[in-house]
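Structural description and commentary
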Amino acid sequence: MAQKGIQLNRETFSCSICLDLLKDPVATPCGHSYCTNCIKDHWDEEDEKKTYSCPQCRKSFTPRPELLKNTMLAVLEKDLKKTGLQAAPADLCYAGPEDVACDVCTGRKLRAVKSCLFCLLSFCEKHLQPHYESAAFKKHKLVEPSEKLQENICSRHDEVMKMFCRTDQQCICYLCSVEEHKGHDTVSAAAERTERQRELEGSRHNIQQRIQNREKDVKLLQQEVEAINGSADKAVEHSEKIFTQLIRLMEERRSDVKQQVRSQQETEVSRVKELQEKLEQEITELKRKDAELKKLSHTEDHNQFLHNYPSLSALSESTHSSSIKIRPLKYFEDVTAAVSEVRDKLQDVLRQTGTNISLTETDVDVLLSNPQPEPKTRADFLRYSCEITLDPNTANTMLLLSEGNRKATFMRDHQSYSRHPDRFTGKFFQVLSRESLTGRCYWEVERRGGGVYVAVAYKNIRRTGRTDESKFGHNDKSWSLRYDLNRYMFWYNKVKTPISGPLPSRVGVYLDHSAGILSFYRVSNTMTLLYRVQTTFTQPLYAGLRFCNFGATAELCKLK
């Protein structure tokens with residue numbers, strides 16, 4: 001009894017926020033008491049609402065009330081502390097918000113440890129004891145604590161639903177089985193559970209078998225990954241060695257050419273300087289002779305002049321002027337030409353052999369396969385056909401989209417599109433596809449009316465302004481083919497290429513992104529090539545249309 005009284009006191013003098021004995025108890029205006037720090041922290045969280053509530057009775061106060069010390073509870077708090085019981089016993093576990101509470105406990109409820117499917121109640125450890133000790137509860141079914149016990153009660157008859165209607169696939173009570181479910185295929189819930197349990201076990205067995213099979217597949221794929229990585233590492237290692245050898249050979253050859261040029265340079269410069277020195281000596285001698293003759297010319301003594309003149313006037317003939325030949329400034333152009341020829345041949349070899357370096361095709365779908373030849377017939381192209389729609393957010397306001405955003409028409413009036421940063425503005429009446437294009441793709445464009453540009457472009461192409469930076473085919477971010485009633489014209493980076501040939505209303509576009517191939521075809525069974533681009537695409541591409549004349553239409557054809 002003494003212990004029970006102490007427990008009663010503990011419940012009475014516990015803070016409902018921290019669930020421990022009150023510390024520095026204070027009272028709210030509604031009369032409830034809390035630890036000073038607990039109620040302050042609680043109200044601090046409500047500062048933004050400017051309304052403060054009691055955690056127990058939910059009464060609201062405005063403004064924030066002043067907390068007054070509860071003197072009586074403070075004294076009782078000290079008395080309880082002297083008993084040495086400052087915390088609830090370990091086995092006294094109260095139900096929290098996430099717990100199932102005992103349905104028998106009065107006042108503050110303890111946490112339930114079991115629920116009874118017969119009683120349809122949940123019990124704490126204390127109130128569960130009769131189910132273990134009394135024979136009257138022997139047939140009761142105990143399960144883990146559940147908050148859904150009331151779902152076992154028939155809402156119509158307020159009876160436990162122990163039957164299952166297979167006709168309507170629902171749990172029912174006995175009264176339901178003889179009334180609205182009369183004549184239906186009904187069994188006990190336990191029997192249906194046994195049947196479903198058997199099916200469940202079969203499903204689990206199948207799932208576990210599939211898990212084992214998939215785990216084996218994962219291991220095989222992991223082995224394949226390791227094999228791929230190992231093979232790739234070896235290929236890279238061997239390729240590095242081979243290219244290193246090639247680079248070393250090129251370095252050696254470069255060094256040889258450099259040494260030969262420098263050696264020849266030294267020889268030629270030495271020869272020229274030798275001649276130069278002889279000529280300079282001759283110039284010095286001639287200047288000396290000229291000075292003597294000048295001096296002689298100023299001699300007033302005629303006899304002296306005539307006496308010295310024969311010895312001074314005689315000039316020795318130069319032996320070098322006739323042997324000096326000034327060659328054009330092409331001393332070593334033959335070396336440069338030879339090196340350039342080597343470079344060109346090496347580039348040709350690398351280009352030709354580079355296309356033959358490919359990965360081996362395997363049976364794993366996720367692996368890269370050998371490059372496929374370019375399609376020839378329309379049936380071949382249709383294997384790579386893709387569904388493409390036009391993006392309304394990119395369409396110039398003079399373009400009307402229809403047919404599920406597959407068709408565009410150049411109108412005379414602006415359309416009511418919302419503002420969008422991706423929209424083409426200004427004088428370039430263009431639109432891009434919603435879908436990005438990578439891998440191998442094929443699509444066809446049907447034109448009616450005036451001229452149309454069929455294009456592909458990177459997403460980061462300029463959208464605004466009146467400069468050619470946003471015009472399909474007039475920058476390095478787009479490629480376009482113009483076709484109308486009387487001509488073809490291919491454009492890239494402001495360079496146009498005229499194209500001859502028949503002018504159909506439908507043009508096919510084939511893209512092999514990884515191979516850097518973009519081809520335009522006149523659509524027929526034989527697929528006549530109009531123009532082919534071989535380059536390197538650095539980003540995903542988007543299909544584009546550009547219009548030249550009012551009333552012109554272009555439609556991305558349905559091919560599947």
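Heads up: these notes are all about the structure in this document. (Residues numbered from 1 in each chain as written. Predicted model: local features only at pLDDT ≥ 70, side-chain atom pairs only at ≥ 80, totals over all residues. Heavy atoms only, no water.)

1. Some details on the pattern of salt bridges
For clarity, the threshold we go by: The term salt bridge refers to a pairing of a side-chain nitrogen on Lys or Arg with a carboxyl oxygen on Asp or Glu at a separation within 4 Å. In this description a helix means any DSSP run of H or I spanning at least four residues, a strand means any run of E spanning at least two, and both kinds are numbered starting from the N terminus. For each residue, the accessible area found with a 1.4 Å probe, counting protein chains only, is set against the maximum for its type, and the residue is called buried under 20%, exposed over 50%, and partly exposed in between.
Applying the stated rule across the entire model yields 22 salt bridges. Put simply, E195 and R198 hold a salt bridge, and the shortest N to O gap is 2.6 Å. Of this pair, E195 and R198 are both found in helix α6 (residues 189–297), three residues apart, which corresponds to roughly one turn of the helix. The class for E195 is partly exposed, based on a relative accessible area of 31%. The shortest N-O distance in the salt bridge between E469 and R462 comes to 3.5 Å. The partly exposed category is assigned to E469, whose relative accessible area is 47%.

2. Some details on the pairing of strand β15 (residues 440–448)
How we decide: Any two strands are treated as partners once DSSP identifies two or more bridges connecting them.
Of all nine residues in β15, seven are buried, a share of seventy percent or more. By the bridge criterion, seven bridges tie β15 to strand β20 (residues 506–512) in an arrangement that is antiparallel. Counted as the bridge partner of R440 is D512 from β20. Bridge analysis of β15 against strand β24 (residues 553–556) gives four bridges, and the strand direction is antiparallel. If you follow V445 over to β24, its bridge partner there is L556.

3. Some thoughts on the pairing of strand β19 (residues 495–499)
Note on strand geometry: in a regular strand, side chains alternate between the two faces of the sheet. Bridge analysis of strand β18 (residues 488–492) against β19 gives five bridges, and the strand direction is antiparallel. Bridge pairing in β19 links W491 to K496. In this antiparallel pair of consecutive strands, β18 and β19, the connection spans two residues, and N493 shows a positive phi of 55°.

4. Observations regarding the nonpolar core
Rules: We call a set of buried Ala, Val, Leu, Ile, Met, Phe, Trp, Tyr and Cys residues a nonpolar core when their side-chain atoms join them within 4.5 Å. Two residues form a contact once any of their heavy atoms are found within 4.5 Å.
The biggest cluster of nonpolar side chains holds 39 residues, and the ones touching the most others in it are W443, W479, L518, F520 and F547. Ignoring sequence-local partners within four residues, the contact set of F547 consists of L399, A408, F410, F429, G451, V452, A552, T553 and A554. Within the second largest apolar cluster, 13 residues are counted, among which are C15, L22, C35 and C38.

5. Topic: a nonpolar patch on the surface
Selection rule: Any residue with relative accessible area above 30% and no salt bridge may belong to a patch, with like charges joined within 9 Å and the nonpolar Val, Leu, Ile, Met, Phe, Trp and Tyr side chains within 5 Å. Only the protein chains shown count as cover for residues, and all accessible areas are computed by the Shrake-Rupley method using a 1.4 Å probe.
Judged by side-chain polarity, I242, F243, L246, I247, M250, L346 and L350 come together as a nonpolar surface patch covering roughly 650 Å² of accessible area. Elements with a contribution of two residues or more to the nonpolar patch: α6 and α8 (333–354). Inspection of the secondary structure puts L246 in helix α6.

6. Considering the packing of aromatic side chains
Applicable threshold: Put simply, two rings from Phe, Tyr or Trp (the six-membered ring, in Trp's case) pair if the centres are within 6.5 Å, and we call them stacked under 30 degrees between planes, edge-to-face over 60, tilted for the rest.
What the rule picks out here adds up to 16 aromatic pairs. With a centroid separation of 4.5 Å and an interplanar angle of 35°, the aromatic rings of F410 and F429 are classed as tilted. One end of the pair, F410, is in strand β13 (residues 407–410); the other, F429, is in the loop between β13 and β14 (430–437), with 19 residues separating them in the sequence. No difference in accessibility class separates F410 from F429, as the two residues are buried. Between Y483 and Y488, the ring centres sit 6.3 Å apart and the planes meet at 25°, which makes this aromatic pair stacked.

7. A few points about the sheet that holds strand β17 (residues 478–483)
So the rule is basically this: Angles shown run from 0 to 180 degrees and are taken between the N-to-C directions of axes, each axis being a line fitted to C-alpha atoms and, for helices, limited to the stretch in contact.
In spatial order, the strands read β14-β23-β16-β17-β18-β19; together these six strands make up an open sheet with antiparallel pairing. Each edge of the open sheet carries a strand with a single partner, namely β14 and β19. With direction set aside, neighbouring strand axes in the sheet form an average angle of 20°. Sheet topology note: the strand β16 (residues 452–458)/β17 ladder contains six bridges and is antiparallel. Along β17, the bridge assignment pairs V456 with W479.

8. Focus: the environment of K109
Quick reminder of the rule: Pairs of N or O atoms are called polar contacts if they sit within 3.5 Å, as long as, within protein, a hydrogen donor faces a hydrogen acceptor (for residues adjacent in sequence, only side-chain-to-side-chain pairs).
By the element assignment, K109 lies in the loop between α3 (71–82) and β6 (114–116). Residues K109 and G96, spaced 13 residues apart in sequence, show a C-alpha to C-alpha distance of 9.2 Å. Leaving out residues up to four positions away in the same chain, K109 has contacts with Y94, A95, A101, C102 and D103. Reaching out from K109, the side chain makes a polar contact with the backbone oxygen of C105 at a distance of 2.6 Å.

9. Here we look at the state of the cysteines
A covalent bond bridging the sulfur atoms of two cysteines is what the word disulfide describes. Definition in use: The criterion for a disulfide is a pair of cysteine sulfur atoms lying within 2.5 Å.
The final tally for this structure, using the stated rule, is zero disulfides. Distance from the sulfur of C176, which forms no disulfide, to the nearest cysteine sulfur (C173) is 3.5 Å. Overall, the relative accessible area of 4% leaves C176 in the buried class.

10. Thoughts on unusual backbone geometry
Between T62 and the following residue, P63, the backbone shows a cis peptide bond with an omega angle of 0°. Tracing the chain through its elements places P63 in the loop between β4 (60–61) and β5 (68–69). Positive phi, close to 50°, is recorded for D24, a residue that is not glycine. You can call D24 exposed: its relative accessible area is 52%. The backbone phi angle of N493 is positive, close to 55°, even though this residue is not glycine. Locating N493 in the fold gives a position in the loop between β18 and β19.

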